[in-house]
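Structural overview
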Protein chains: 2
Amino acid sequence: MDQTARTREVAHAYVESLERRDWAALAALLGEDVVYDMPQTRERISGRERYVRFNQDYPGDWHLTARRVVADDRYAALWIDVRVGDDELAACAWLDLSDDGLISRITDYWPEPYEPPAGREHLVERY
Amino acid sequence: MDQTARTREVAHAYVESLERRDWAALAALLGEDVVYDMPQTRERISGRERYVRFNQDYPGDWHLTARRVVADDRYAALWIDVRVGDDELAACAWLDLSDDGLISRITDYWPEPYEPPAGREHLVERY
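Since this is a predicted model, take the numbers as computed values, not measurements.

By a simple turn and slide, chain A fits onto chain B: the slide is 0.0 Å along the axis, the RMSD is 0.0 Å, and the turn is 180°. Such a turn and shift between the copies fits a two-fold axis. Residues of chain A ranked by C-alpha distance from the rotation axis are headed by Pro111 of chain A, positioned 2.1 Å from it.

This is the structure in structure tokens:
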């Protein structure tokens, strides 16, 4: 198995461990000094223990499914379908793996719905 | 050059053609029936001609740089730094390529800044 195949496997396992609330499995994928970054709120969490805690404490009955995993060498991009009750949202996560095969950085984006600007109705269809 | 390397090249060329306003170069990367999807506004644009027009008409002095391209077979994920005047934003775009090597689908996410919810200050640092 080459590096890309290993990265792809780690990316799938990351989403699955979160969905199963399997904190030991999640921790086993993370480097001790993993950094979790949320650029939209300019929040950052440093360290495996804190990041696992963050997920354990995260409120709501959230569910995650990987819609798409794109892996290339030590990088992966995750397109994640997130469901919290009746709300559905797609998230984008970027994973960096280090030499030891563990996740060293996670960057999460949570794009919210918004109303489109006027002026492009002639090019666009709404769904 | 294998499929992943070709996809990576197309993904870079996509961002560069937009940044240069090189509409002929952009069109040459797109399948005639390309679908451009913005899930946050539930807007969809169908067809190469309309999608090029959409970019030509897009208001503001916008600038794009690929921060990261992750390519895997016929899929690419693009992490794009967007600058419009003094505003900076990161976008996530997902590209699908078809058999002919052209882009058949683009899904764009535009994650906006927001205020973090209370209750996780003990785990998080702000920057």
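Still more ground to cover, so stick around.
Residue and element names in this part refer to chain A. Restricting attention to buried positions, one finds in helix H3 (residues 48-57) the residues Tyr51, Val52, Phe54 and Asn55. Each buried residue of H3 lies within a common arc of 155° when the element is viewed along its axis, so the set occupies one face. Of the surrounding elements, those touching the buried residues of H3 are helix H1 (3-19), helix H2 (23-29), strand S1 (30-38), strand S2 (43-46), strand S3 (62-72) and strand S6 (103-109).

Residue and element names in this part refer to chain A. Here the phi dihedral of Arg42 falls at roughly 55°; this positive angle occurs in a residue that is not glycine. Residue position: Arg42 is located in the loop between S1 and S2. Accessibility expressed as a relative area gives 47% for Arg42, which makes it partly exposed.

Counted according to the given criterion, the structure contains twelve aromatic pairs over all chains. Geometrically, the ring pair formed by Tyr36 of chain A and Phe54 of chain A is tilted, given 5.5 Å between the ring centres and 45° between the ring planes. With Tyr36 of chain A in strand S1 and Phe54 of chain A in helix H3, the pair connects residues that are 18 residues apart, well separated along the chain. Across this residue pair, the class does not change: Tyr36 of chain A and Phe54 of chain A are buried. Ring pairs connect the aromatic residues Tyr36, Tyr51, Phe54 and Tyr58 of chain A, which therefore count as one cluster. In this structure, Arg44 of chain A is placed above the aromatic ring of Tyr127 of chain B, and the distance from its NZ or CZ to the ring centre is 4.2 Å. Just above the ring of Trp62 of chain B sits the side chain of Arg21 of chain B; from NZ or CZ to the centre is 3.6 Å.

As a further point, take the sheet that holds S1 of chain A. Pairing is mixed across the open sheet formed by seven strands, whose spatial order is S3(A)-S4(A)-S5(A)-S6(A)-S1(A)-S2(A)-S7(B). For this open sheet the edge positions go to S3 of chain A together with strand S7 (125-126) of chain B, each flanked by a neighbour on one side alone. Across six bridges, strand S5 (residues 87-97) of chain A lies against S6 of chain A in antiparallel orientation. Looking across to S6 of chain A, one finds that Trp94 of chain A is bridged to Thr107 of chain A. Lying over the sheet, H1 of chain A contacts S3, strand S4 (75-84), S5 and S6 of chain A, oriented at roughly 175° with respect to S3 of chain A.

Right, let's talk about the confidence of the model for chain A for a bit. Counting all residues, the mean pLDDT for chain A is 96, and 100% of those residues have values of 70 or more. Across the interface, the model reports ipTM at 0.95; the global pTM reads 0.96.

Under the defined criterion, the tally for this structure stands at 18 salt bridges over all chains. Across the salt bridge formed by Arg8 of chain A and Asp72 of chain B, the nearest N and O atoms sit 2.8 Å from each other. With Arg8 of chain A in helix H1 and Asp72 of chain B in strand S3 (residues 62-72), the pair connects residues from two separate chains. Overall, Arg8 of chain A belongs to the partly exposed group, its relative accessible area being 28%. Taken together, the shared-partner salt bridges in this structure form one network comprising Asp37, Arg44 and Arg105 of chain A.

This part takes up the pairing of S3 of chain B. Residue and element names in this part refer to chain B. A large share of S3 lies buried, amounting to eight of its eleven residues. Sheet topology places S3 next to strand S4 (residues 75-84); ten bridges connect them, and they run antiparallel. Pairing of Ala71 across the sheet is with Ala76, part of S4.

How each quantity is defined
Residues numbered from 1 in each chain as written. Chains lettered and ligands numbered in written order. Predicted model: local features only at pLDDT ≥ 70, side-chain atom pairs only at ≥ 80, totals over all residues. Heavy atoms only, no water. Least-squares fit on C-alpha atoms with pLDDT ≥ 70 in both. Buried < 20%, exposed > 50% of the residue type's maximum accessible area, 1.4 Å probe, protein only. Helix = DSSP H or I, 4+ residues; strand = E, 2+ residues; numbered from the N terminus. Arc of directions from axis to C-beta. Contact = heavy atoms within 4.5 Å. Phe/Tyr/Trp six-rings, centres within 6.5 Å; stacked < 30°, edge-to-face > 60°. Lys NZ or Arg CZ within 6 Å of the ring centre and 35° of its normal. Pairing = 2+ DSSP bridges. Axes fitted to C-alpha atoms, helices over the stretch in contact; angles between N-to-C directions. pLDDT = per-residue confidence, 0-100. Salt bridge = Lys/Arg side-chain N within 4 Å of Asp/Glu carboxyl O.

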